[in-house]
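In case you want the letters, here they are:
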Amino acid sequence: MLNQFKLFDSHFHIIDHLYPLVANNGFLPNGFTCQDYSSRMAAYDLCGGAVVSGSFQAFDQHYLVDALKTLGPSFVGVTQLPVTVTDEEIIRLNKAGVRAVRFNLKRGGSEGIRHLSSMAARVYELAGWHVELYVDSKELSGLYSTLIRLPAVSIDHLGLSQSGLGTLLQLAENGVHIKATGFGRVDFNVRQALQDLYSANPEALMFGTDLPSTRAPIPYSDEDFLLVVDTLGEEGAKCVFNKNACGFYREKLSA
């Protein structure tokens, strides 16, 4: 079953101790190299994915550029940038395969939320990038009016909290993409959330493994993948596993 659907893995991390890592609240992750990732995903029909910078990588770009070079042109990067970044650096990273900038409101390590609107507009105008938010959905009501005005945005890990699911559904209805990732991080019924979000907007959900599941109470399992198929059926699974993310990351990949 794992190889019956093409998968664009919209969210995973590469952790290479050859490059700088910054302890976050005393936490430093174990290594998870490109080879580790490829070995873990060998049973899947993997057609690409998004390497996402974590809090512990702060503003380091060297690991990400190296990972994208190693994984190949079907993979893209999601980085963290300071507001002081130059236009030239954004363009350089775009050429290396980066397609988004991340704001990590949950763990830190990224630029502050006060710069969200200006940076979103800037990276979109310069390179067509979107912004990604690691944020607890209980905080989304205060960000709602800002988020629906952004050129393009996604939210990690189904928003994490039951208390903000209503706002998350409204955002999905208004074109915000939601990552169906980190099932072991949330405090609600994943199956019901997938059904509700898919009904709200069939183009919103993008599946990702969240490997290596750093600090997740329950790490990624192949059962998470199978849950999507069981919940949304074959056509829904095709959208969530491949079509939605490929379009969002502007990759010319066959759905």
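Here's what I pulled together on the structure shown here.

### Things to note about the environment of Leu-71
Inspection of the secondary structure puts Leu-71 in helix α2 (residues 62-71). Taking relative accessible area as the criterion, Leu-71 reaches 15% and is therefore assigned buried. Once the C-alpha coordinates of Leu-71 and Gly-48 are considered, the two residues, 23 residues apart in sequence, prove to be 8.6 Å apart. Non-local contacts of Leu-71, meaning those with residues more than four positions away in its chain, are made with Phe-12, Cys-34, Tyr-37, Ser-38 and Val-51.

### Comments concerning the packing of aromatic side chains
For any two aromatic rings, the description comes down to two numbers: the centre-to-centre distance and the angle of the planes. With the rule as written, the count across this model stands at 13 aromatic pairs. When the ring of Phe-12 is compared with that of Phe-75, the centres are 6.0 Å apart and the planes differ by 90 degrees; the resulting orientation is edge-to-face. Here the residue Phe-12 occupies a position in strand β1 (residues 6-12), and Phe-75 occupies one in strand β3 (residues 75-79), the gap between them amounting to 63 residues. As far as the burial class goes, Phe-12 and Phe-75 line up, both buried.

### Focus on the state of the cysteines
Tallied over the entire structure, the rule returns 0 disulfides. With no disulfide of its own, Cys-47 has Cys-246 as its nearest cysteine by sulfur position, at a separation of 4.7 Å. Residue Cys-47 is classed as buried on the basis of its relative accessible area of 15%.

### Quick look at the pairing of strand β7 (residues 177-180)
Neither face of β7 is left uncovered, since the one carrying His-177 and Lys-179 and the one carrying Ile-178 and Ala-180 both have all their residues buried. Where strand β6 (residues 153-155) meets β7, 2 bridges bridge the pair, whose relative direction is parallel. Its bridge partner lying in β7, Ser-154 is registered against His-177. Assessed by its sense of winding, the connection that carries the chain from β6 through helix α6 (residues 165-173) to β7 is right-handed. Where β7 and strand β8 (residues 205-207) come together, 3 bridges link them in parallel fashion. Each bridged residue has a counterpart across the sheet, and for Ala-180 the counterpart in β8 is Phe-207.

### Some words on unusual backbone geometry
The linkage connecting Leu-211 with the following residue, Pro-212, adopts the cis geometry, with an omega of 0 degrees. Within the secondary structure, Pro-212 is located in the loop between β8 and α8 (222-248). Within the chain, His-157 stands out as a residue other than glycine whose phi angle is a positive 55 degrees. Within the secondary structure layout, His-157 lies in the loop between β6 and α6. Taking the relative accessible area as the measure of exposure, His-157 reaches 1% and is therefore buried. Despite not being glycine, Asp-210 shows a phi value in the positive range, around 65 degrees. Tracing the backbone through its elements, the reader meets Asp-210 in the loop between β8 and α8.

### Re the pattern of salt bridges
All chains considered together, the criterion is met by 10 salt bridges. Arg-40 is the salt-bridge partner of Asp-222, the closest N and O atoms lying 3.0 Å from each other. Of this pair, Asp-222 sits in helix α8 while Arg-40 is found in helix α1 (residues 34-40), placing the two residues 182 residues apart along the sequence. On the basis of relative accessible area, Asp-222 is assigned to the partly exposed category, the value being 25%. Notably, a salt bridge pairs Arg-102 with Asp-156, separated by 2.7 Å at the nearest N-O pair. Of this pair, Arg-102 sits in strand β4 (residues 98-104) while Asp-156 sits in the loop between β6 and α6, and the two are 54 residues apart along the sequence.

Definitions and cut-offs
- Residues numbered from 1 in each chain as written.
- Predicted model: local features only at pLDDT ≥ 70, side-chain atom pairs only at ≥ 80, totals over all residues.
- Heavy atoms only, no water.
- Helix = DSSP H or I, 4+ residues; strand = E, 2+ residues; numbered from the N terminus.
- Buried < 20%, exposed > 50% of the residue type's maximum accessible area, 1.4 Å probe, protein only.
- Contact = heavy atoms within 4.5 Å.
- Phe/Tyr/Trp six-rings, centres within 6.5 Å; stacked < 30°, edge-to-face > 60°.
- Disulfide = S-S within 2.5 Å.
- Pairing = 2+ DSSP bridges.
- Right-handed = clockwise from strand over helix to strand, strands pointing away.
- Salt bridge = Lys/Arg side-chain N within 4 Å of Asp/Glu carboxyl O.

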